[in-house]
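# Observations on chain architecture
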Amino acid sequence: MKNIFRTVGIFGICLLLAACSLPRGAGIESEITSGADDAGADFAIYPVTRAFLPTLSEWPVVGEPELNWITASAGARTQIINAGDIVAITIWDSNDNSLLTSPGQRVVNLEEMQVAANGSIFMPYIGNTRIAGLTPQGARERVQSELEAIVPSAQVQLSMVAGRHNSVDLVGGVAAPGSYPLPDQSYSVLSLIAQGGGVSGSLENPQIRLIRHGELYGTSIMRLYSEPHLDTRLIGGDRVIVEEDRRYFLSLGAAGRQDQHPFTQDIVTALDAMSIIGGVSASRADPEGILILREYPASALRTGERGPRQERVVFTLDLTTSDGLFSARNFRIQSGDLVLATESPVSSVQTVFSLFGSVFGLANTVANASSN
C-alpha cells in the first residue's frame, strides 16, 4: 500500500515539474514578451491604455492602401456632347428648290457622324461646325442657325449616342457590369451602381474604387450611404470598380476561432475583433494577456512619439479592467494584424492537478482491490 502511494506521489511531483511542457494552443504572455527589455531586442511592447491611444493615432496605417476620395459637386442636368460621340442629323425642308432635297422630297437623313477630336462635325454647304461642349439642343440650334444662311426654310433635328468620352464603365460586384452613357452631368457613383443592379449581396464590406485620369480613388459603399456629400458625380471615361474589402486579420491561440477574418466594416476595433473570433476560451485563455502583433515598415520608424521604436510591435490588452476594455474599443485593428489569445498560466497547473487526481483515484482503486 505504502509503495503504491509513494509511486503516486513521485509521479505527481514529476507532473508538476513537467507542467510547463504540457501541450498548449499558445504561449503564456510572459514567454512571448520575454526579452523585450534587452538591448538587442528586435520588437517593442506597448500596453494599450487610454494614455497610449493618442500616441498611437500619430503612427502610420499599415497593411491597407491610403486612398483619397472626391467629394460631390453639382453639374448640369443636361447631357453634353463630347469628342467621340455619335450624332444623327435629320433636315426638314419644304422648299421645292432646296439644295439638300430632291423634287418631292422633304426630309434628308444624314449619315451618322462621329464628333471629331477637335469637337466638330462636317455639314454639307457649311463645312466644319463645332458642337462639343454643347447640349444636344444647343448643338441643334447651332447647326440650324448656320444652315439657315444656305437653306432658310430648313429645320434641323439632332440626336446623339454617347461615345467613350461620354460614358463610364462599371466593373465587377454588381448584377449588370458594363459601359453606361452619362445621361447628364449630375450622374453620380451611386446612380451608376443602382443602374447596374446594385451591389452584390455576397460581398463583405463592399469597396468602391474610382479610376480617373490614371489616378485611383477609394472608399466604401457604406460610407457613401452615410455621407451623401461623398457621392461624387462622374465624368466621361471614369471607371468604377466594386469589390470586396481585401483587408483581414488573423486569430490564434486560445481564441474561439483560429482563422483568417475579413473586415466586416470600415473600422474594426480590438473589441470588434474579439467578437468576430468568438471570444476566448474560458478554460484556457488569459484575459489579461490578449496580444496584437503588427509589423511596421522601416520607413515608419521615427523619433519621439510619431512612430514605433521597432518594426515588430506587440500591443498588450488587459480585458479585466475598465480602462483595458474602453481602450480596446478604441484600438483600431489594421490589415494583417495577428490577434493572439495567450494561455492562462493557471490552466497547465489545473491540468496537472486533474491528472494527479485521476492517478490518485486509480491508486485508491488499486489499494481497495488489494485489501479485498
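What counts, and where the lines are drawn
- For every chain, the first residue of its written sequence is number 1, and the numbers climb from 1 along that sequence.
- With pLDDT at 70 or above as the cut-off, local features in this predicted model cover only qualifying residues; side-chain atom pairs require 80 or more to be listed or tallied, and sums for whole chains, interfaces and linings still use all residues.
- To get the side-chain values, all heavy atoms of the structure are used, and hydrogens and water are removed first.
- The numbering of helices and of strands both runs from the N terminus, where a helix is a DSSP run of H or I of at least 4 residues and a strand a run of E of at least 2.
- Any residue under 20% of the maximum accessible area for its type is buried, any over 50% is exposed, and the rest in between are partly exposed; the area is computed with a 1.4 Å probe on protein chains only.
- Pairing between strands is defined by DSSP: at least two bridges between them are needed.
- Fitting a line to C-alpha atoms yields each axis, with helices limited to the stretch in contact; the angle taken between N-to-C directions then spans 0 to 180 degrees.
- Contacts were defined at the residue level, with two residues in contact if any of their heavy atoms lie within 4.5 Å.
- Nonpolar side chains (Val, Leu, Ile, Met, Phe, Trp, Tyr) are joined into patches within 5 Å and like charges within 9 Å, using only residues with over 30% relative accessible area and no salt bridge.
- Residue-level accessible areas treat just the shown protein chains as cover; the underlying method is Shrake-Rupley with a 1.4 Å probe.
- One side-chain nitrogen of Lys or Arg within 4 Å of one carboxyl oxygen of Asp or Glu is enough to make a salt bridge.
- Cavity: a set of points on a 1 Å grid over the protein atoms alone where a 1.4 Å probe fits but cannot get out. Pocket: an open set with protein on both sides within 12 Å along at least five of seven lines, its lining residues, like those of a cavity, having an atom within 4 Å of a point.
- Grid points are joined across faces, edges and corners, and a volume is the space filled by probe spheres set on the points.
- Here the term charged refers only to Asp, Glu, Lys and Arg, the term nonpolar to Ala, Val, Leu, Ile, Met, Phe, Trp, Tyr, Cys and Pro, and the term polar to all other amino acids, Gly among them.
- Each polar contact in these results corresponds to two N or O atoms within 3.5 Å; when the atoms are within protein, one needs to be able to donate a hydrogen and the other to accept it, and residues that are neighboring in sequence are counted only if both atoms are side-chain atoms.
- Each residue carries a pLDDT score, the predictor's own confidence in it, on a scale running from 0 to 100.
- Buried Ala, Val, Leu, Ile, Met, Phe, Trp, Tyr and Cys residues form a nonpolar core when they are joined through side-chain atoms within 4.5 Å.

As a further point, take the environment of Trp69. Locating Trp69 in the fold gives a position in the loop between helix 3 (53-56) and strand 2 (86-92). By relative accessible area, which is 13% here, Trp69 ends up buried. For the pair Trp69 and Leu216, spaced 147 residues apart in sequence, the C-alpha to C-alpha distance is 8.8 Å.

Attention now moves to the pairing of strand 12 (residues 239-243). Bridge count between strand 8 (residues 167-171) and strand 12: three bridges; the pairing is parallel. When the sheet's bridge partners are listed, Val171 is paired in strand 12 with Ile241.

Pairing in this open sheet of five strands is mixed, and the strands run 9-8-12-10-11 from one edge to the other. Each edge of the open sheet carries a strand with a single partner, namely strand 9 (178-181) and strand 11 (215-220). Taking each pair of neighbouring strands and ignoring which way they run, the sheet shows an average axis angle of 20°. When strand 8 meets strand 9, the two strands line up antiparallel, connected through four bridges.

Looking now at the pairing of strand 13 (residues 248-253). Across three bridges, strand 13 lies against strand 14 (residues 260-262) in antiparallel orientation. Across the sheet, Phe249 pairs through a bridge with His261, a residue of strand 14. Once strand 13 ends, the chain turns through six residues before running back antiparallel as strand 14. Sheet topology places strand 13 next to strand 17 (residues 338-343); four bridges connect them, and they run parallel. Looking at strand 17, one finds that Leu250 is bridged to Leu338.

Turning next to the environment of Arg306. Relative to the helices and strands, Arg306 is located in the loop between strand 15 (285-295) and strand 16 (312-317). Residues Arg306 and Ser57, spaced 249 residues apart in sequence, show a C-alpha to C-alpha distance of 8.7 Å. If we ignore the near neighbours within four places in the chain, the residues touching Arg306 are Glu58, Trp59 and Pro60.

Among the surface-exposed residues, Leu99, Tyr125 and Ile150 lie close enough to one another that they form a single nonpolar patch of about 300 Å² accessible area. Inspection of the secondary structure puts Tyr125 in the loop between strand 5 (120-123) and strand 6 (127-130).

In this structure, the largest pocket occupies an estimated 580 Å³ of space. Around the largest pocket, the lining is made up of 22 residues, and of these Glu64, Pro65, Gln207, Arg209 and Arg247 lie nearest the centre. Elements with a contribution of two residues or more to the lining of the largest pocket: strand 10 (207-212) and strand 11. For the lining of the largest pocket, the element with the highest residue contribution is strand 11, accounting for four residues. Taken as a whole, the second largest pocket holds about 220 Å³ of empty space. If you trace the second largest pocket, you find 15 residues lining it, with Leu56, Ser57, Val61, Arg332 and Gln334 closest to the centre. Looking at the lining of the second largest pocket residue by residue, the class counts come to eight nonpolar, three polar and four charged.

Looking at the secondary structure, you find Ser220 in strand 11. According to the relative accessible area criterion, Ser220 is buried, its value standing at 2%. Looking at Ser220, its side chain comes within polar contact range of the main-chain nitrogen of Arg223, at 3.2 Å. Reaching out from Ser220, the side chain makes a polar contact with the side chain of Asp266 at a distance of 2.6 Å. The contacts of Ser220, once residues within four sequence positions are left out, are Asn205, Pro206, Gln207, Ile208 and Asp266.

On to unusual backbone geometry, then. The residue Asn205 is not glycine, and still its phi comes out positive at about 50°. Checked against the element boundaries, Asn205 lands in the loop between helix 5 (189-195) and strand 10. With a phi close to 55°, His213 is a non-glycine residue in the positive phi region. On the secondary structure map, His213 appears in the loop between strand 10 and strand 11.

Now for the confidence of the model for the chain. Mean pLDDT over the chain: 85, with 84% of residues reaching 70 or higher. Predicted confidence for residues 348-356 stays below pLDDT 50, and this span has 14 contacts to residues more than four positions away or in other chains.

Moving on to the nonpolar core. Of all hydrophobic cores here, the largest spans 30 residues; its most connected members are Phe249, Ile292, Tyr296, Phe315, Phe331, Ile333 and Val339. Those elements that provide at least two residues to this core are strand 1 (43-47), helix 3, helix 7 (270-276), strand 15, strand 16 and strand 17. In this structure, Val108, Val143, Val151 and Ala154 belong to the second largest nonpolar core, which totals 20 residues.

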